[in-house]
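# Coordinates in review
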Amino acid sequence: MSEILSSLRSLMASHSPPLDALVVPSEDYHQSEYVSARDKRREFVSGFSGSAGLALITKNEARLWTDGRYFLQALQQLSDEWTLMRMGEDPLVEVWMSDNLPEEANIGVDSWCVSVDTANRWGKSFAKKNQKLITTTTDLVDQVWKSRPPSEMSPVVVHPLEFAGRSVSDKLEDLREKLKQESARGLVIAALDEVAWLYNIRGTDVAYCPVVHAFAILTTDSAFLYVDKKKVSDEANSYFNELGVEVREYTDVISDVALLASDRLISSFASKTLQSETTKDMEIDSDQHDRLWVDPASCCYALYSKLDAEKVLLQPSPISLSKALKNPVELEGIKNAHVRDGAAVVQYLVWLDKQMQELYGASGYFLEAEASKKKPAETSKLTEVTVSDKLESLRAAKEHFRGLSFPTISSVGSNAAVIHYSPEPEACAEMDPDKIYLCDSGAQYLDGTTDITRTVHFGKPSAHEKECYTAVFKGHVALGNARFPKGTNGYTLDILARAPLWKYGLDYRHGTGHGVGSYLCVHEGPHQVSFRPSARNVPLQATMTVTDEPGYYEDGNFGIRLENVLVVNDAETEFNFGDKGYLQFEHITWAPYQVKLIDLDELTREEIDWLNTYHSKCKDILAPFMNQTEMEWLKKATEPVSVSA
């Protein structure tokens, strides 16, 4: 890392103007959470591999900001040259820069890798000391990164209507109506999952996310896709031609945004297939319809800088909410995907239970006793990685499987306290029958994306571990059972999952729920269930998906998390105060909870009834996928429980 930092500081000094600091964000040109190997610039300079964070390099310091999911991981991965800045506890990066960098400091950043929102926020903060945000002519990290991986060249794949559930023409018509409502003549689309959703395409440019590196521009009479044309087959080209979508080179987007700003962006299809009656209706006073719609959270500053700021509509992309509201085909698909996925998880638990007993002398999933301390042969031992590989193989055997939806968090004992722990083959832990095992995993299927967490113990859990697991379980059930008026946001509901933990003075440093894509990104907005203020922005609505995943993490000891995916549905209530209408959740994840980790005496009658009902459904729904041995295990895992008298 010393050599990397030294090289970057040399480039900072020779830059015109010289830079007092360099910001290295985690994001790519599309402000993605998960990025391709060649876009992991922040990881390259810092050694920290978490999905969220920001590196700041000054003339004599190197600091890294990340959120509570990654505090422990960052401490383990950062060298002594780096200082960890804990988001939510330490000053914001722009506050630190404003306070600690000199008057008139020049702060460099690649304008392709920073959003409009972030750049504008920093600019306001820097103004106090006449500091300047300098957009570098090239990315300085790329100049230092001699072994940077090549560009991904995976083909654009058309996502069939039988899985997408909605045609591209229908989506385009809906978006053009939204443009009309906002008196806008064009929309710049930067988020990869929004481009994929709009044009019903998928790809493999980013690990775990079935997207293609591409931009899109939509106007009242034209539609463009910006992608490396070598990725577009003749078949895909014909598909876009039929839709009236003009395919242009990925690098053309910057010049075309400038043309869009001056209303000179013309498609060869404009006078043909896209001049619909809706479009004609919109051809009114150009002064009233001269705005261009840009999402300040997903559009990079490089593109925004080509527009006339006075004529830009800065607000969330209309695609974000449309994508979050699943159509009936998507809902059916994601439910079916979760059934198959749940079957794989149960088959995994059956296999793992047997292995832990045979190789390690564990009492197993159902019994509470100390392990007999057997030691397997070196060639037979189980590690966090080898067991997660087994889980992946079971998923891969299921219909429509296309890969994992994120790196499996397979974590034993103290590693489970690292919220987004990622085991590495050469440094991961061996399975231990006397320690908690947390597995957070998911998959991509053609008909849906999954995300599930179960925490188990194959030996004798301590009273404290059971107390913590029970509190997490109670919060998980409380959120999943909630009924709430329409218009309620995830910030309001977040307390339901935390209250049982708060009773003991416990909590967790991550949000409680995120949306899930339909064979798209496993983390999907714009809604969320969280303590973060941004969770106030978008209310939950019927047909959205959202996870329910409270947890508790004890540094150096253990971690617990339980996670199901929920669908938001309309609720039938006896009354309807204020004529608002009410909503409720439907669980679509199917895998048992480990009863021996639950202190049943701490559960209410309602919670007991819910557990028994869920387990009964779980058994019936997964039965068709189980062989005899697996079914016997599942029956035992889902036996009804009761509170002792």
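It should be emphasised that the depicted structure is a prediction, and the values quoted were computed from it without experimental measurement.

### Description of the overall build of the protein
When its secondary structure is counted, the protein shows 20 helices and 28 strands. At 26 Å, the protein has a C-alpha radius of gyration in line with the 26 Å of a compact globule built from 645 residues. Dimensions of the protein, computed from the C-alpha atoms along their principal axes, are close to 75 × 60 × 50 Å. Expressed as a percentage of its 645 residues, the buried residues of the protein come to 59%. Partitioning the intrachain contacts of the protein with sequence separation of at least 6 by distance along the chain shows that 71% fall at a separation of at least 24. For the protein, the exposed surface amounts to about 26100 Å²; the carbon and sulfur share of it is 49%.

### Section: helix α20 (residues 628-637)
When α20 is considered as a whole, its buried residues turn out to be Glu630, Met631, Trp633, Leu634 and Ala637. Summarising the axial view, the buried residues of α20 lie within an arc of 160 degrees, below the 170-degree limit, and thus occupy one face. Relative to its buried face, α20 has exposed residues pointing more than 90 degrees away, namely Gln628 and Thr629. Next to the buried residues of α20 lie α15 (328-360) and α19 (605-622). The N-cap of α20, judged by a side-chain oxygen 3.1 Å from the amide nitrogen of Thr629 a few residues on, is Asn627.

### Here we look at the packing of helix α8 (residues 168-181) against helix α9 (residues 192-199)
The geometry of α8 relative to α9 is characterised by a closest axis approach of 7 Å and an angle of 115 degrees between their N-to-C directions. Contacts from Val168, Lys171, Leu172 and Leu175 in α8 reach Trp197, Leu198 and Tyr199 in α9. A per-class count over the contact of α8 with α9 returns 6 nonpolar, no polar and 1 charged.

### Overview of a nonpolar patch on the surface
Taken together, the side chains of Ile495, Leu496 and Trp502 make up a nonpolar region of the molecular surface, amounting to roughly 270 Å² of accessible area. Of the residues examined, Leu496 reaches a relative accessible area of 31% and is grouped as partly exposed.

### Regarding the UniProt feature "domain: Peptidase M24" (unreviewed entry) in the protein
The positions that UniProt labels "domain: Peptidase M24" (unreviewed entry) are, in the present scheme, residues 366-569. With 22% helix and 27% strand, residues 366-569 has end C-alpha atoms that lie 35 Å from one another.

### What about the UniProt feature "domain: Peptidase M24 C-terminal" (unreviewed entry) in the protein?
Mapped onto this numbering, the UniProt entry gives "domain: Peptidase M24 C-terminal" (unreviewed entry) at residues 581-641. From the first C-alpha to the last, residues 581-641 spans 35 Å; its make-up is 46% helix and 10% strand.

### Focus on the sheet that holds strand β2 (residues 54-58)
Taking strand neighbours across the sheet as the criterion, the 6 strands line up as β4-β3-β2-β1-β5-β6 in an open arrangement whose pairing is mixed. If you trace the sheet from one side to the other, it starts and ends with β4 (83-86) and β6 (132-135), each paired once. Taking the axes of each pair of neighbouring strands and ignoring which way they run, one obtains an average angle of 25 degrees across the sheet. Where strand β1 (residues 21-25) lies against β2, 5 bridges are found, and the strand directions are antiparallel. Bridging from a neighbouring strand, Pro25 pairs with Leu54 of β2.

### Considering the packing of aromatic side chains
For the structure shown, the criterion picks out 23 aromatic pairs. The interplanar angle of 80 degrees and the centroid separation of 6.4 Å between the aromatic rings of Tyr199 and Phe240 together place this pair among those described as edge-to-face. With Tyr199 in helix α9 and Phe240 in helix α10 (residues 234-243), this pair connects stretches of sequence that are 41 residues apart. For Phe240, a relative accessible area of 0% gives the class buried. Here Phe224 and Tyr226 contribute two aromatic rings whose centre-to-centre distance is 6.2 Å and whose plane-to-plane angle is 25 degrees, an arrangement assigned as stacked.

### A few points about the nonpolar core
Ranked by size, the top nonpolar core spans 82 residues in total, and within it Leu352, Tyr437, Phe473, Phe585 and Leu622 carry the most contacts. With 12 residues, α15 is the largest single contributor of residues to this core. Judged by nonpolar contacts, the second largest core, of 39 residues, contains Leu179, Trp197, Leu313 and Phe406.

### Looking at unusual backbone geometry
With omega at -5 degrees, the peptide bond leading from Ser16 into Pro17 counts as cis. Turning to its location among the elements, Pro17 is positioned in the loop between α1 (2-14) and β1. Note the cis peptide between Gly525 and Pro526, where omega equals 10 degrees. With respect to the helices, strands and loops of the structure, Pro526 is situated in strand β23 (residues 524-529). For Ser183, which is not a glycine, the phi torsion comes out positive at approximately 55 degrees. Along the chain, Ser183 falls in the loop between α8 and β8 (184-189). Ser183 sits in the partly exposed class, given a relative accessible area of 25%.

### Brief notes about the pattern of salt bridges
Per the stated rule, a full pass over the model turns up 39 salt bridges. A salt bridge links Glu524 to Lys323; the nearest nitrogen and oxygen atoms lie 3.4 Å apart. Placement of Glu524 in strand β23 and of Lys323 in helix α14 (residues 318-324) is noted, with a sequence separation of 201 residues between them. Classification of Glu524 as buried rests on a relative accessible area of 4%. Arg395 is the partner of Asp341 in a salt bridge, and the nearest nitrogen-oxygen pair spans 2.6 Å. With a gap of 54 residues between them, Asp341 in helix α15 and Arg395 in helix α16 (residues 384-396) connect regions that are remote in the sequence. The exposure classification of Asp341 matches that of Arg395, with both residues buried. Each of Asp39, Arg41, Asp139, Asp142 and Arg148 takes part in a single network of salt bridges with overlapping partners.

### Structural notes on the sheet that holds strand β24 (residues 545-548)
Pairing is antiparallel across the open sheet formed by 4 strands, whose spatial order is β21-β28-β27-β24. Bordering the open sheet on either side are β21 (483-485) and β24, each of which pairs with just one other strand. Across the sheet, the axes of successive neighbouring strands diverge by a mean angle of 40 degrees, strand direction being ignored. Of the strand pairs in this sheet, β24 and strand β27 (residues 564-571) are connected by 4 bridges, and their pairing is antiparallel. Across the sheet, residue Val546 finds its bridge partner in β27, namely Leu566. Of the strands in this sheet, β24, β27 and β28 (582-587) are in contact with helix α17 (residues 463-480), which crosses β28 at around 130 degrees.

### Here we look at the side chain of Arg42
Structurally, the position occupied by Arg42 is in helix α2 (residues 41-46). Within the buried core, Arg42 has no salt-bridge partner, and the shortest N-O distance to an opposite charge, that of Glu43, equals 5.0 Å. A polar contact of 2.6 Å, which involves the side chain of Arg42, links it to the backbone oxygen of Gly50.

### Observations concerning the side chain of Asn106
Relative to the helices and strands, Asn106 is located in strand β5 (residues 106-109). What makes Asn106 buried here is its relative accessible area of 13%. Engagement of the side chain of Asn106 in a polar contact is seen with the backbone oxygen of Pro18, the distance being 3.2 Å. In this structure Asn106 touches Pro17, Pro18, Leu19, Asp20, Ala21, Lys132 and Ile134, once residues within four positions along its chain are discounted.

Basis of the calculations
Residues numbered from 1 in each chain as written. Predicted model: local features only at pLDDT ≥ 70, side-chain atom pairs only at ≥ 80, totals over all residues. Heavy atoms only, no water. Helix = DSSP H or I, 4+ residues; strand = E, 2+ residues; numbered from the N terminus. Rg over C-alpha atoms; globule rule 2.2 N^0.38 Å. Buried < 20%, exposed > 50% of the residue type's maximum accessible area, 1.4 Å probe, protein only. Contact = heavy atoms within 4.5 Å. Areas by Shrake-Rupley, 256 points an atom, 1.4 Å probe, with all protein chains shown as cover. Arc of directions from axis to C-beta. Polar contact = N/O pair within 3.5 Å; in protein donor to acceptor, adjacent residues only side chain to side chain. Axes fitted to C-alpha atoms, helices over the stretch in contact; angles between N-to-C directions. Nonpolar A, V, L, I, M, F, W, Y, C, P; charged D, E, K, R; others polar. Patch = residues over 30% accessible without salt bridge, like charges linked within 9 Å, V, L, I, M, F, W, Y side chains within 5 Å. Salt bridge = Lys/Arg side-chain N within 4 Å of Asp/Glu carboxyl O. UniProt positions renumbered as here; feature names shortened; annotations may be inferred. Pairing = 2+ DSSP bridges. Phe/Tyr/Trp six-rings, centres within 6.5 Å; stacked < 30°, edge-to-face > 60°. Core = buried A, V, L, I, M, F, W, Y, C linked by side-chain atoms within 4.5 Å. Lys, Arg positive; Asp, Glu negative; His and termini not counted.

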